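# Structural overview for review
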Amino acid sequence: MAKVLVIGQGAREHAIGRQLLLSEQVEEVYCAPGNPGMLRSGIKTVPIKELNFEKLVEFARKQAVSLTVVGPELPLQQGIVDYFNAAGLTIFGPSQAAAKLESSKQFAKKVMQEAGVPTARYASFQDESSAIQALSKVSYPVVIKADGLAAGKGVAIAKNQSDAVAIIHQLLGEHQFNTTSIVIEEYLEGQEFSLMAFVNGDQIIPMPLSQDHKAAYDGDRGPNTGGMGAYSPLPQFSTELGKRCVDAVVRPVIHALRQRDISFCGVLYAGLIMTKTGPKAIEYNVRFGDPETEVVLPQLQSDFYELILGLLDQQPPQVKWQNNDIYLGVVVSSENYPQSSAAGIRLSSFNSVPADFTINYAGVAQDSKNELVSNGGRILCATTKASNITQARTILYSWLNQQKLVGMRYRNDIGKRGE
Ligand code: AMP
Ligand code: GLY
């Protein structure tokens with residue numbers, strides 16, 4: 001029986017660990033550092049931080065861990081996969097070189113161009129005055145992005161020139177998000193959606209399409225967050241769209257990376273906009289999305305552990321996804337997320353939930369009585385499934401609305417576009 005290590009601590013890692021535990025071959029799932037909410041699902045937490053590669057390798061060796069799965073982008077960007085591979089350990093995720101596809105917007109744009117991927121027109125800038133000068137050529141709204149990892153928060157949409165000037169000043173004048181370079185790109189109009197795929201070189205196994213809700217408030221208002229909720233599959237799009245996106249935005253990028261001597265292994269996540277002229281890529285992530293994973297992975301009916309090991313071995317098994325239900329996940333966050341987060345709010349409302357509900361915990365801690373309390377911006381993701389999106393929304397929201405959640409909030413319109 002196998003022992004698996006998951007790196008990370010959010011609701012995404014909770015869902016990954018949960019899915020691995022369903023495998024008949026898996027006896028133990030550890031999560032480093034994990035969170036105490038995961039203990040409720042039988043995942044064991046390990047108090048090692050996700051960037052302490054030396055201690056993580058030591059732990060994996062000592063426990064004879066047969067597979068490590070990486071959740072978040074930061075350890076990938078810092079080379080955790082290269083480090084584990086050098087230690088002779090099996091790990092699923094992209095190398096540091098491949099992770100640049102997510103960690104540098106400029107690199108991603110170059111690769112997209114080389115790959116011929118449909119995407120927004122763009123230009124990059126290192127200094128404030130040339131960026132401001134370039135504004136004379138743009139039409140509004142225009143998108144301005146910090147180069148580098150910013151947890152989905154380093155992107156702003158400027159409605160007019162004075163907004164754009166202010167944003168450029170924050171990024172290149174005041175170096176918000178520690179950025180030294182920005183991308184200014186065309187605003188694409190249309191519904192946003194995500195396609196994740198398991199990849200090892202030419203082997204590409206797409207997952208069902210999903211849709212995140214990145215803005216903080218209902219109606220896509222307010223600042224961008226890490227993601228406030230998701231649903232999958234997407235009833236408004238045909239299943240053929242997924243295949244089309246694999247051919248248009250996944251395969252060519254993997255090929256373009258190979259041209260640069262970079263092989264891709266791991267999860268490739270394409271953030272897309274369905275424009276009038278077809279799907280266009282706006283970003284790539286080199287990992288599972290959060291909260292998309294919480295609604296996508298439970299749809300996997302075949303063995304997750306076998307899938308990853310088979311893929312690493314260049315022999316992926318048959319993969320089976322459910323196709324009867326829509327999965328819906330709503331993130332419950334601190335009241336003032338993303339501006340600030342409150343710690344210590346009791347989460348007893350979530351101790352007993354209806355059948356068919358899953359609670360994946362994120363920003364939580366244990367108090368002195370071993371009760372779960374909030375400890376971060378995104379506290380948890382509550383998911384359910386139903387035969388259509390309206391029903392899923394009714395079930396999930398009528399339960400959430402009955403809870404008297406103090407100091408917490410959630411968006412009320414997750415999944416609405418799929419109705
Ligand atoms: P990113 O970090 O690149 O995913 O951008 C964060 C969010 O900004 C995306 O999820 C979109 O909602 C929005 N966004 C980014 N690029 C564009 C674009 N070119 N056109 C319209 N919206 C965009
Ligand atoms: N849900 C967006 C992300 O994981 O980046």
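In this report, we go over the structure that sits alongside the text.

A few words on unusual backbone geometry. In this structure, the amide linkage connecting Ala32 to the following residue, Pro33, adopts the cis form with an omega of -5°. In this structure, Pro33 sits in strand 2 (residues 26-33). For the peptide bond that leads from Ser232 to Pro233, omega is -10°, which places it in the cis range. Positive phi is not limited to glycine here, since Asp220 has a value of about 60°. Along the chain, Asp220 falls in the loop between strand 13 (215-217) and strand 14 (221-224).

Let's shift gears to the pairing of strand 9 (residues 182-186). Most of strand 9 sits inside the fold, with four of its five residues counted as buried. Sheet analysis places strand 6 (residues 122-125) next to strand 9, joined by four bridges and oriented antiparallel. Its bridge partner being in strand 9, Tyr122 is matched across the sheet by Glu185. Across five bridges, the pairing between strand 7 (residues 142-146) and strand 9 is antiparallel. Its bridge partner lying in strand 9, Lys145 is registered against Val183.

Residues in close proximity to ligand 2 include Asp212, Lys214, Gly226, Tyr269, Asn285, Arg287, Gly289, Asp290, Pro291 and Glu292, which together make up its full environment. Note that an oxygen atom of ligand 2 is positioned 3.1 Å from one of the side-chain N or O atoms of Asn285. When its residues are assigned to classes, the shell around ligand 2 shows two nonpolar, three polar and five charged.

Further remarks concern the sheet that holds strand 7. Strand order in this open sheet of four strands is 6-9-7-8, and the pairing throughout is antiparallel. In this open sheet, the two edge strands, each paired with only one partner strand, are strand 6 and strand 8 (155-158). Put simply, the sheet's adjacent strands are angled 20° from each other on average, direction ignored. Of the strands in this sheet, strand 6, strand 7, strand 8 and strand 9 touch helix 6 (residues 105-115), which is tilted by about 145° from strand 6. Helix 8 (residues 161-173) contacts strand 6, strand 7, strand 8 and strand 9 of the sheet and is inclined by roughly 5° relative to strand 7.

Turning next to the pattern of salt bridges. Under the counting rule described, the total for this entry stands at 18 salt bridges. One salt bridge connects Arg12 with Glu13, and the closest N-O pair in it is separated by 2.9 Å. As far as the burial class goes, Arg12 and Glu13 line up, both buried. A salt bridge links Glu371 to Arg346; its shortest N-O distance comes to 3.6 Å. Highlighted residues: Glu371 in the loop between strand 21 (364-366) and strand 22 (372-375) and Arg346 in strand 19 (residues 343-346), separated in sequence by 25 residues. Here Glu371 falls in the partly exposed class, since its relative accessible area comes to 24%. On the basis of relative accessibility, which here comes to 46%, the residue Arg346 falls in the partly exposed class. When salt bridges with common partners are traced through the structure, they connect Asp220, Arg411, Asp413 and Arg417 into a single cluster.

Put simply, helix 5 (residues 96-103) and helix 6 touch, their axes get as near as 6 Å, and they point 100° apart. By the angle between their axes, helix 5 is roughly perpendicular relative to helix 6. On the side of helix 5, the interface is formed by Ala97, Lys100, Leu101 and Ser103, while helix 6 contributes Lys105, Phe107, Ala108 and Val111. Across the contact of helix 5 with helix 6, the residue classes tally to five nonpolar, one polar and two charged.

Reading the values: the criteria
- Residues numbered from 1 in each chain as written.
- Chains lettered and ligands numbered in written order.
- Predicted model: local features only at pLDDT ≥ 70, side-chain atom pairs only at ≥ 80, totals over all residues.
- Heavy atoms only, no water.
- Helix = DSSP H or I, 4+ residues; strand = E, 2+ residues; numbered from the N terminus.
- Buried < 20%, exposed > 50% of the residue type's maximum accessible area, 1.4 Å probe, protein only.
- Pairing = 2+ DSSP bridges.
- Near = heavy atom within 4 Å.
- Polar contact = N/O pair within 3.5 Å; in protein donor to acceptor, adjacent residues only side chain to side chain.
- Nonpolar A, V, L, I, M, F, W, Y, C, P; charged D, E, K, R; others polar.
- Axes fitted to C-alpha atoms, helices over the stretch in contact; angles between N-to-C directions.
- Contact = heavy atoms within 4.5 Å.
- Salt bridge = Lys/Arg side-chain N within 4 Å of Asp/Glu carboxyl O.
- Parallel < 35°, antiparallel > 145°, perpendicular 65-115°, else oblique.

This is a description of form; function is not addressed.
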